[in-house]
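# Observations on the model geometry
In case you want the letters, here they are:
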Amino acid sequence: MKRFTQSICRQKPSIKTLINQKNHSQALKYSLYLPSPLLADQIYCLFIKNGHPLDPILSTTLISHFTKLGDFSRAFSFLSDTQNPDIITYNALISGLSRFHLSAPALKLFGGLRLRGLRPDVFTLSSLIKSCENLQENEIVHGVCLKLGFDAGAYLVSGLVENYAKTGDVLSAEKCFRDCSSVDNVVYTAMVCGYVWNGAFEKSKDVFVEMGSLGLELNEFSLTAVLGALFDAKEGEQIHGFGVKVGLLSGVYNHLNNAVTNMYVRCGRKLDAVKVFDEIADPDVVSWAQRIAASCDGAEAFELFKVLLFNGLEMNEYTMINILSVVAGERMLRPGKQIQVFCYKVGFLELVSVGNAFISMYGKCGQVDDTRHIFDDMTCRDSVSWNSLIAGYSENGFIGQAIEMFYHMRESSLQPNNYTMASILEAVSNSTSPMQAMQIHSHMIKSGFLSDDSMISCLITTYSRSSVVCESERIFSEVDKKNVVHVNALANALVYAGCHTAALEFFQTIWGSYPEVDSSTFSIILKACGAVTDLTQGRAIHCLALKARFDQDTFVESAVIDMYCKCGSIEDAEKAFSNISTDNLVAWNAMIMGYAQHGCYHEVSDLFNNMSKFGVKPDEITYLAILTSCCHVGLVREALSYLDCMFELHGVIPQLEHYACMVDLFGRVGLVEYAKKTIDQMPVPPDAHIWQILLSACNIHGNVDLGRVAASKLLELQPDNESAYVLLSNLYASSGKWNDVEKVRKEMKEKSVRKEAGSSWINVGGSTHHFYAGDTSHSRGKEIYAELTVLYEHMLASAETNMYFQKM
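The following paragraphs examine the structure supplied in this document. Only a predicted model underlies this, so the values are computations on that prediction, with no experimental measurement involved.

### Considerations on the overall build of the protein chain
- Helix and strand content of the protein chain: 47 helices and 2 strands.
- Overall size of the protein chain, expressed as C-alpha extent along the three principal axes, is 125 × 60 × 55 Å.
- Within the protein chain, the fraction of its 808 residues that count as buried is 44%.
- Taking as baseline every contact in the protein chain between residues at least 6 positions apart, the subset at least 24 positions apart corresponds to 58%.
- Accessible area for the protein chain stands at about 42500 Å²; split by element, carbon and sulfur atoms hold 54% of it.
- Computed over 68 positive and 88 negative side-chain charges, the inter-centroid distance for the protein chain is 6 Å.

Take a look at the structure:
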């Protein structure tokens, strides 16, 4: 009986009953929950016809309802019909306008309530702040807050800080933040976010630490904010651990889980990102987008896309962008086209961001025609569209088209930005044209790009790749406030240009003058030490890295291993490898390649077999090192086995370098015909290097017919390659074809092709000594040749002894 009575009490009277009872006010409220607004209009007409005044309370209800639907014409009509509207009524309409970021009518309405003599409250100003779309509007509202005395309240300050930061005015955001007398965790979180949005990541972390030291609550919003500033996985792990400890990752909403996943992806810890995703009870569309971003390659991303598609799970443009960002290479071209068809069907292709992602994807797949088709079909383009197209042309060697699009972009309404200039400088670098580099340099000076450190470093790199390293040095010398970006750019430029001794001297200079060096500086200089096999200086720089606490950086660790290997000190390399901070692939590759270069096949094999035990997956470089070790030892069967299992076991597709190793191996053991067969069956076109390897093998083993073919192919690709003429001439000479020798030498003379003398060097006591074939100019030349004679006699004696024992 009690339950029946309760159900009766809960029943609402019908709208018809309320109208018959002349209760038009209640009927009007009930009509808001019906699907058609026309009934509400009809009841409202009855309400007015029966002489009921629209009071502020009912008006606020009606306005709130219709603003949520975006029906502002009805909302404004209710406001105009309200007798003596109060500030709450105005707040309802201003709040609705701010929800749709309609700043102009919100500001106009605010002026109207002031004319009525109403005093705004904190809710009025909060809604007004939320409606602001640009810096000028935010400054106007901020001025109103100051005038009315609401400037110090945390509730409003957080919105002002957020608005200033979003428009890039960090100084104003900081002033609002510091002037706030009653700060709370919301204000601090807004400042943390503001710094992240503007790239001031260190300041963001400092404010977060200050927030914790004041005892303010660290919730999922503040943790999510600071995660955007973290690029070191160790710092990210601390935030992740704190979130787990206080139970913030097990809530209903996934934004903190998604932020943690994104942090791990950004820091290169994709396996950890996958683990975080797997622990999300109900992943949303953002979670899946981050999971796709954590894919190890395009194939895995495409499989995840199919899972979402077949299960009818939600996808948005960010899902598609993340999938396309990891799709690269010719083998992913077909899946990429399938994704394009899907995007076309559901309408994602009309979005500029998705179109840009396809331009980038086709560029990475080497399909420049498809890249251009996507670009031409876009109804709306932004600067990213142009930048992606220019980058696609540049990366695929279409230098002329890249420069042409750069000029077209300048003619359009969009002006080139830093990303545009970085792509065009990359294209100019590949063209090795100093004149083009100078032209772009002039444009950068006129357009003011040289005020940006990253642009200066790109220009330094471009000149070094254009074989004008002196210009790189000049640009560096003209920088007033030099920092680590400039230092690393010039150091890298010197190493790239082969000026290794100059790079070491430069490092000695900047070590005393500029304390701003980082892990990248040490990685570059250690590479220079390895190039000149300067073990003494390499050890000294290794000690400096230890002293500066860069020794546990992934790239420094691998550079140290590589340097010791190239300097011939395998023992030091092994010691460095045993002390690496994490089992990273770069360090493993450096050690495996070091063993390979020293002919230590068994050590290479053992290290490769141990990779899986430590959770390290081999890549293209790993297999290149293995094949190199097989090549040096002459292990044909083992090399073929590794080549066959590259893709089957680890999904690694053999590249040109891997086939070059096989051609070299076949040539070394005398299987020249197999070497030629390998070239013919390669899925990629051979380059000049491979034909030169084959020609050298033919020269060693006296295969004239194949040697002619190899020389012909080599000279098609490199008409001025002096080695091709010399090797072919030697091949003819060894076979007694003196007429052919004469023809080759005559052709060399006509083309003014001269073979540079072979040279070698050795570093002794910090000094590098160079030697050329047949050179006697060295100050201790007589002693050197005397020692060579002794060594030659020892070699002859050893060979005679071996022959004697073989006959026995």
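The discussion continues.
### Regarding the nonpolar core
- Ranked by size, the top nonpolar core spans 153 residues in total, and within it Met320, Ile339, Phe358, Ile561 and Tyr642 carry the most contacts.
- At 8 residues, helix α37 (residues 585–597) tops the list of elements feeding residues into this core.
- Beyond its immediate stretch of four places on either side in the chain, Phe358 contacts Leu324, Gly336, Ile339, Gln340, Cys343, Leu349 and Ile374.
- Counting residues in hydrophobic clusters, the runner-up holds 72 residues, among them Phe66, Leu230, Val260 and Ala273.

### Let's talk about the packing of aromatic side chains
- Evaluated as defined, the whole model comprises 21 aromatic pairs.
- Geometrically, the ring pair formed by Phe305 and Phe342 is edge-to-face, given 5.3 Å between the ring centres and 75° between the ring planes. Of this pair, Phe305 sits in helix α20 (residues 298–310) while Phe342 sits in helix α22 (residues 333–346), and the two are 37 residues apart along the sequence.
- Taken together, the ring pairs connect Phe507, Trp511, Phe522 and Phe550 into an aromatic cluster.
- Here Arg381 stacks its cationic end above the ring of Phe375, 4.3 Å away from the centre of that ring.
- Here the basic side chain of Lys482 rests over the ring of Phe476, its NZ or CZ set 5.3 Å away from the ring centre.

### Here we look at a nonpolar patch on the surface
- A surface patch of nonpolar side chains, about 250 Å² in accessible area, is lined by Val669, Leu671 and Tyr674.
- With respect to the secondary-structure elements, Tyr674 resides in helix α42 (residues 672–681).
- By relative accessible area, which is 48% here, Tyr674 ends up partly exposed.

### Some details on the pattern of salt bridges
- Taken as a whole and assessed by the stated rule, the structure comprises 20 salt bridges.
- Here Arg74 and Asp71 are joined by a salt bridge, their closest N and O atoms 2.4 Å apart.
- For Asp572, the salt bridge goes to Arg539, with nearest N and O atoms at 2.5 Å. Taken as a pair, Asp572 in helix α36 (residues 570–578) and Arg539 in helix α34 (residues 535–547) lie far apart in primary sequence, 33 residues in all.
- Take Arg539: its relative accessible area is 38%, and that puts it in the partly exposed class.
- Each of Glu202, Lys205 and Glu235 takes part in salt bridges that share partners, so that together they form one network.

### Side note on helix α27 (residues 418–431)
- Between the first and last C-alpha of α27 there are 20 Å, a value that for 14 residues agrees with the 20 Å anticipated at 1.5 Å per step.
- Taken as a whole, α27 has its buried residues at Thr420, Met421, Ser423, Ile424, Leu425, Ala427, Val428 and Ser429.
- Where the residues of α27 are buried, they touch α25 (383–395), α26 (399–411), α28 (434–447) and α29 (453–465).
- Of the residues flanking the start of α27, the one acting as N-cap is Asn417, its side-chain oxygen 3.1 Å from the backbone nitrogen of Tyr419.

### Quick word on the packing of helix α40 (residues 636–650) against helix α41 (residues 656–668)
- As a packed pair, α40 and α41 sit with axes 11 Å apart at the nearest point and diverge in direction by 165°. Judged by the inter-axis angle, α40 sits roughly antiparallel to α41. As for the relative orientation of α40 and α41, their crossing is left-handed in sense. For the pair formed by α40 and α41, the contact residues are Val636, Ala639, Leu640, Leu643 and Met646 on the first element and His658, Tyr659, Met662, Leu665 and Phe666 on the second.

So, how was this worked out
Residues numbered from 1 in each chain as written. Predicted model: local features only at pLDDT ≥ 70, side-chain atom pairs only at ≥ 80, totals over all residues. Heavy atoms only, no water. Helix = DSSP H or I, 4+ residues; strand = E, 2+ residues; numbered from the N terminus. Buried < 20%, exposed > 50% of the residue type's maximum accessible area, 1.4 Å probe, protein only. Contact = heavy atoms within 4.5 Å. Areas by Shrake-Rupley, 256 points an atom, 1.4 Å probe, with all protein chains shown as cover. Lys, Arg positive; Asp, Glu negative; His and termini not counted. Charge placed at Lys NZ, Arg CZ, Asp CG, Glu CD. Core = buried A, V, L, I, M, F, W, Y, C linked by side-chain atoms within 4.5 Å. Phe/Tyr/Trp six-rings, centres within 6.5 Å; stacked < 30°, edge-to-face > 60°. Lys NZ or Arg CZ within 6 Å of the ring centre and 35° of its normal. Patch = residues over 30% accessible without salt bridge, like charges linked within 9 Å, V, L, I, M, F, W, Y side chains within 5 Å. Salt bridge = Lys/Arg side-chain N within 4 Å of Asp/Glu carboxyl O. Expected span 1.5 Å × (residues − 1). Polar contact = N/O pair within 3.5 Å; in protein donor to acceptor, adjacent residues only side chain to side chain. Axes fitted to C-alpha atoms, helices over the stretch in contact; angles between N-to-C directions. Parallel < 35°, antiparallel > 145°, perpendicular 65-115°, else oblique. Left-handed = near helix turned anticlockwise from the far one by under 90°.

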